[in-house]
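Breakdown of the fold
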Number of protein chains: 2
Amino acid sequence: MVERALDETGREIELLDLSEVPDDALVIPTAMMGAPTCIVEKLPNGSELVSSFQRLEGHLGKKGFATMPIEAGGMNSMMPLVVGLRLGIPVVDGDGMGRAFPELFHETFHIYGVSGSPLVLTNDHLDTCVIEAHDNFALEWFARGLTIRMGGVGYIAEFPMDGATAKRVSVSGTIGLGLRVGRAIREAREAHRDPFDAISETFASTEYTPAKVIFEGKVTEVNRRTEQGWAMGSVRIAPHADASSDEELFISFQNENIIAKQGDHVLAVVPDLICVLDSDTAEPITTEELRYGQRVKVMAVQVPDIMRTPEALAVWGPRHFGIDMDYQPMAV
Amino acid sequence: MVERALDETGREIELLDLSEVPDDALVIPTAMMGAPTCIVEKLPNGSELVSSFQRLEGHLGKKGFATMPIEAGGMNSMMPLVVGLRLGIPVVDGDGMGRAFPELFHETFHIYGVSGSPLVLTNDHLDTCVIEAHDNFALEWFARGLTIRMGGVGYIAEFPMDGATAKRVSVSGTIGLGLRVGRAIREAREAHRDPFDAISETFASTEYTPAKVIFEGKVTEVNRRTEQGWAMGSVRIAPHADASSDEELFISFQNENIIAKQGDHVLAVVPDLICVLDSDTAEPITTEELRYGQRVKVMAVQVPDIMRTPEALAVWGPRHFGIDMDYQPMAV
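Residues numbered from 1 in each chain as written. Chains lettered and ligands numbered in written order. Predicted model: local features only at pLDDT ≥ 70, side-chain atom pairs only at ≥ 80, totals over all residues. Heavy atoms only, no water.

Once that is clear, we can look at the sheet that holds strand β3 (residues 30-34) of chain A. With respect to topology, 8 strands assemble into an open sheet ordered β3(A)-β8(A)-β6(A)-β7(A)-β7(B)-β6(B)-β8(B)-β3(B), the strand pairing being antiparallel. With one partner strand each, in any of the chains shown, β3 of chain A together with β3 (30-34) of chain B form the two edges of the open sheet. Taken over all neighbouring pairs, the strand axes of this sheet differ in orientation by 25° on average, direction set aside. (Pairing = 2+ DSSP bridges. Helix = DSSP H or I, 4+ residues; strand = E, 2+ residues; numbered from the N terminus. Axes fitted to C-alpha atoms, helices over the stretch in contact; angles between N-to-C directions.)

Here's what the structure looks like:
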C-alpha cells in the first residue's frame, strides 16, 4: 500500500521529528482497528483512512498539519505513511504505545490525559461514524462494537491534539527505530551474519533493552478465534530435541502476545515485548500468521521506563489482560 | 416525562398537521431505540433526545423546524412531545410506521426513499455518535450494535427531511388517532360501556379497519429474552373454560407482536396489529409487561392499504421476521 501510494502520488514520505512539529499545529493520528485475522482477509484501498482523517478535520473545523501512528506495530506503523502520501502532509516519527497493544486506551496519549474523542471510524463502504465519548474506555467500547459490525475491521482517526501535546504524550522516534532494526536485519542477512545478534545490538543503544532470545523451537499448536473483535488465542512451541529442557513454551495473545511462560515460570509479560520470529531469517511472525510447524525463535524486549510506570502498568499491565500477577521484568 | 416537561417549560404541545409544515422546513424525527425491557429499567431524563436533535442540527448546519415520531408506538409517540416542549418547537402529527416495528428501516420514510443518515445516537452519559451509512440496512446494523453497547437503549434523531418530503412519506394523523382511541376507551369506562366496542367503533371510521377481538383468555406462559438488542419471545394464552375451543393462542414477538395463531391456524400476522389488552379495562399490555396470570383480550387491527403494498410487505411482511408465509389479511 505504501509503495503504491509512493508510485501514484510521486511524493516522498516526509518523516518529522516531534521537535519539528509547531506547538499549535493539529496532529491527527490514524490507524486500522480490529482483528488482524480479519484485516489480512481484505486489504483496504487507502481511501478509508484518508476519509476518516478528512472527516475529523471537517468535524473540528481545522486542517490537520500532520498524521502519526498510534502504535509501533506492523500494519499500524505503515498506515499513516499512506495517509501522509495521499494528502501530501508529514508523518510524525513517534507513536502512542511504544509497541502494539489491542485496545484504544492502551496509549500514552490516554495515560497522559488526552481524550481519544472525537474519533472517526470508516469502513470499506465509506460508512462513517463520529464518536464523542465521556472517557476513553467508553470510546473503545463503542468503537470496538462498530468495528465488529463492520466485519472486524475499521479505519480510525482519533486523539486529535496540538503539537505541544503530542510532544508531551508521545513515544518519540519509533518509526526511525523500526527502520534501524529492519536495516540491521537486512544487512546481517546480506553479510551472512546472525540477524538475531544484529537485532540485540541495535536495541542495545536504545531504551528498548535488553533484547534477547528466550526460546527456540517448533510451533506444535495454535489456538486462534475471533472473539469480541480481537484475534484471541495461544501458541505452544516445543523445544528442539537437543535443548537442555523439554518444557514447551506457551504464549497467549489478544492481537498481540501477552505472556510467555514455561509451565508456571514466566519468561516475559506485558508490557515487555514478546516477538516470535522465523529461526533463519528473523522475519517477524505476527499472531495471525502463526502456523503449525514453523521453526521460530522467541525474543523478549524490555520496554523503556516510561512504559513501565505505575500509571502505565495500570493501563496495560498483566492484570488488564486477566493475568493474576504483577508486572515482572523479563528474565535476563 | 411529558407531564414534567409541560410543568417545567410552562409550554403547550403544538401538534401540527402535515399540511401545515412548510415544504422547505427541516423536520427531524426523534425516538428511543432498543429493547423495551431495558428502557423500562431506566427512564431517560429527556436531555438525551434533545441532545441528539441539536447535534444533528449542528451536523447539518440548519435549525430544525419541528420533530415527529418515527412510529405510532407507546413510548415513541410520546418522546417527540418531550423534545417539542423542551425546545419550543411543533410536533408533526404523523409517523413513519403507522404502528410500531422493531427496526429502523421498518419505516415508510425508508420504503419511499428517504435516507435515515445522518443519524445521531446519544446515551444517558450524553456520549454521542453521528452515523452516515450507505443504506438504511447498514444504518440499522451499526446503530443497533451501538445501542446494545449503550446497555440496550439509545436516543436517536434520524431521517432528517424537508417538509415536502415528510408530506410524501409519512403516515398522517396517527397522534390524533391515538388520542381519539384513548378518549373512546376512557369515555366508555366512565359510562360503564364495553371499551372494546368503543375501540372497534373508533377505528371503523379510519383506514385501520376492521379492528376486532380475536381471542380471550389467561396468560399461561411468557418466554422473553433480550437478544441482539431486542426483547424477543412469545406468549401463550389459554381460552376460558366456557370457550368453544380449548386451543390456546400463541403470539411471538420482537419488541412488537409478530404473529398470532392457534395451532397452525394464523389469526393475524404483521403488518396487521396484534394488541394484547387487559380484559376489563382495555389497557394495552406491551410485550415487556406481559405476565403469567393476566386476563386479556387480543385485538387484531387491519392496517391501511398503504402499509400493505408489495414494497411495504417486502420490508415488514412475515418473511422479514423469519416466518415462512406470505402476508394474509386477518381472519374477519
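Residues and elements named next belong to chain A. On inspection of all chains with the given rule, the structure shows 10 aromatic pairs over all chains. Geometrically, the ring pair formed by F105 and F137 is tilted, given 4.6 Å between the ring centres and 55° between the ring planes. Remark: F137 occurs in helix α6 (residues 136-149) and F105 occurs in the loop between β5 (94-95) and α5 (108-111); sequence separation between them is 32 residues. Of the aromatic side chains, those joined through ring pairs into one cluster are F101, W316 and F321. For R99, the ring lying beneath its charged end belongs to F101, and the centroid distance is 4.1 Å. (Phe/Tyr/Trp six-rings, centres within 6.5 Å; stacked < 30°, edge-to-face > 60°. Lys NZ or Arg CZ within 6 Å of the ring centre and 35° of its normal.)

A separate point is the interface of chain A and chain B. Each partner contributes to the interface: chain A provides 22 residues, whereas chain B provides 22 residues. For the pair chain A and chain B, the two sides together bury roughly 1800 Å², of which 50% comes from carbon and sulfur. In terms of surface lost to chain B, no three residues of chain A exceed D127, F142 and R149 of chain A, which account for 38% of the buried area on that side. At the junction of chain A with chain B, the criterion picks out 2 salt bridges. Note that E132 of chain A and R55 of chain B form a salt bridge whose closest N and O atoms lie 3.2 Å from each other. (Contact = heavy atoms within 4.5 Å. Buried area = accessible area lost by both parts, 1.4 Å probe. Salt bridge = Lys/Arg side-chain N within 4 Å of Asp/Glu carboxyl O.)

Residues and elements named next belong to chain B. Closest axis-to-axis distance for the helix α3 (residues 47-60)/helix α4 (residues 74-87) pair is 9 Å, and the angle between their directions is 70°. It follows from the interaxial angle that α3 and α4 lie roughly perpendicular. Two secondary-structure elements touch here, α3 through L49, V50, F53 and Q54 and α4 through M79, V83, R86 and L87. (Parallel < 35°, antiparallel > 145°, perpendicular 65-115°, else oblique.)

Mapping chain A onto chain B is achieved by rotating through 180° and translating by 0.1 Å along the same axis, at an RMSD of 0.0 Å. Seen this way, the second copy is the image of the first under a two-fold rotation axis. Closest to the rotation axis within chain A is the C-alpha of V130 of chain A, separated from it by 2.5 Å. (Least-squares fit on C-alpha atoms with pLDDT ≥ 70 in both.)

Before going further, it helps to spend a moment on the pairing of strand β8 (residues 153-157) of chain B. All names here are of chain B. In terms of burial, β8 is a largely internal element, 5 of the 5 residues being buried. Looking at chain direction, β3 and β8 are connected through 5 bridges and run antiparallel. Across the sheet, the residue bridging to M32 is Y155, located in β8. The pairing of strand β6 (residues 119-122) with β8 spans 3 bridges and is antiparallel. The residue of β8 that forms the bridge with L121 is I156. (Buried < 20%, exposed > 50% of the residue type's maximum accessible area, 1.4 Å probe, protein only.)

For the rest of this paragraph, the subject is the pattern of salt bridges. Per the counting criterion, the structure on display carries 32 salt bridges over all chains. Residue R193 of chain A is joined to E201 of chain A by a salt bridge in which the shortest nitrogen-to-oxygen separation is 3.3 Å. When the shortest N-O distance is used, the salt bridge between D124 of chain B and K42 of chain B registers 2.4 Å. With D124 of chain B in the loop between β6 and β7 (128-132) and K42 of chain B in the loop between α2 (36-39) and α3, this residue pair connects regions lying 82 residues apart in the sequence. Linked through salt bridges whose partners overlap, the residues forming this network are R4, E8 and R86 of chain A.

Attention now moves to the domain arrangement of chain A. Residues and elements named next belong to chain A. Here chain A is described as being made up of domain 1 (2-172) and domain 2 (208-321). Between domain 1 and domain 2, the C-alpha centre-to-centre distance is 26 Å. The interface is formed by 27 residues belonging to domain 1 together with 25 residues belonging to domain 2. Taken together, both faces of the contact between domain 1 and domain 2 bury some 2100 Å²; the carbon and sulfur share is 67%. Scanning the region where domain 1 abuts domain 2 turns up 0 salt bridges. (Domains from an automatic or database assignment.)

With that settled, consider α4 of chain B. All names here are of chain B. Of the positions making up α4, those classed as buried are N76, S77, M79, P80, L81, V82, V83, G84 and L85. Its buried side turned inward, α4 meets α1 (2-9), β3, α3 and β4 (91-92). Of the residues one or two after α4, G88 is the one with positive phi, at around 65°.

Residue and element names in this part refer to chain B. Looking at the secondary structure, you find F203 in helix α9 (residues 195-204). Note: C-alpha distance between F203 and V301 (98 residues apart in sequence) is 8.5 Å. Every residue in contact with F203, bar those within four places of it in the chain, is listed here: L177, V181, Y208, T209, A211 and V301.

Quick look at the state of the cysteines now. Residues and elements named next belong to chain A. Inspection of every chain in the model, using the stated rule, returns 0 disulfides over all chains. The thiol sulfur of C38 is not disulfide-bonded, and the nearest other cysteine sulfur, from C129, lies at 18 Å. By relative accessible area, C38 is classed as buried at 13%. (Disulfide = S-S within 2.5 Å.)

Residues Y208 of chain A together with Y208 of chain B are the most contacted members of the largest nonpolar core, which totals 124 residues. Not counting the four nearest positions on each side in its chain, Y208 of chain B is found in contact with G98, V171, T174, L177, F203, L273, V301, Q302, V303, P304 and M307 of chain B. Listed in part, the 34 residues of the second largest apolar core include V153 of chain A together with I28, A35 and F53 of chain B. (Core = buried A, V, L, I, M, F, W, Y, C linked by side-chain atoms within 4.5 Å.)

Turning our eyes to something else, we now look at the sheet that holds strand β14 (residues 256-262) of chain B. Residues and elements named next belong to chain B. With antiparallel pairing, 7 strands are arranged side by side in an open sheet as β15-β14-β13-β12-β11-β17-β16. This sheet does not close on itself; its edge strands, each paired only once, are β15 (265-269) and β16 (273-278). Averaged over all pairs of adjacent strands, the angle between their axes in this sheet comes to 35°, without regard to strand direction. Two elements, strand β11 (residues 211-227) and strand β12 (residues 230-239), share 10 bridges in a ladder whose sense is antiparallel. Counterpart to N223 in the pairing with β12 is S234.

Within the fold, P310 of chain B resides in helix α10 (residues 310-316). By relative accessible area, which is 65% here, P310 of chain B ends up exposed.

It is at 9 Å that the axes of α6 of chain A and helix α6 (residues 136-149) of chain B come closest, and there the two elements cross at 140°. By crossing handedness, the relation of α6 of chain A to α6 of chain B is classed as right-handed. Facing W141, F142, R144, G145, L146, I148 and R149 of chain A of α6 of chain A, the residues of α6 of chain B in contact are W141, F142, R144, G145, L146, I148 and R149 of chain B. (Left-handed = near helix turned anticlockwise from the far one by under 90°.)

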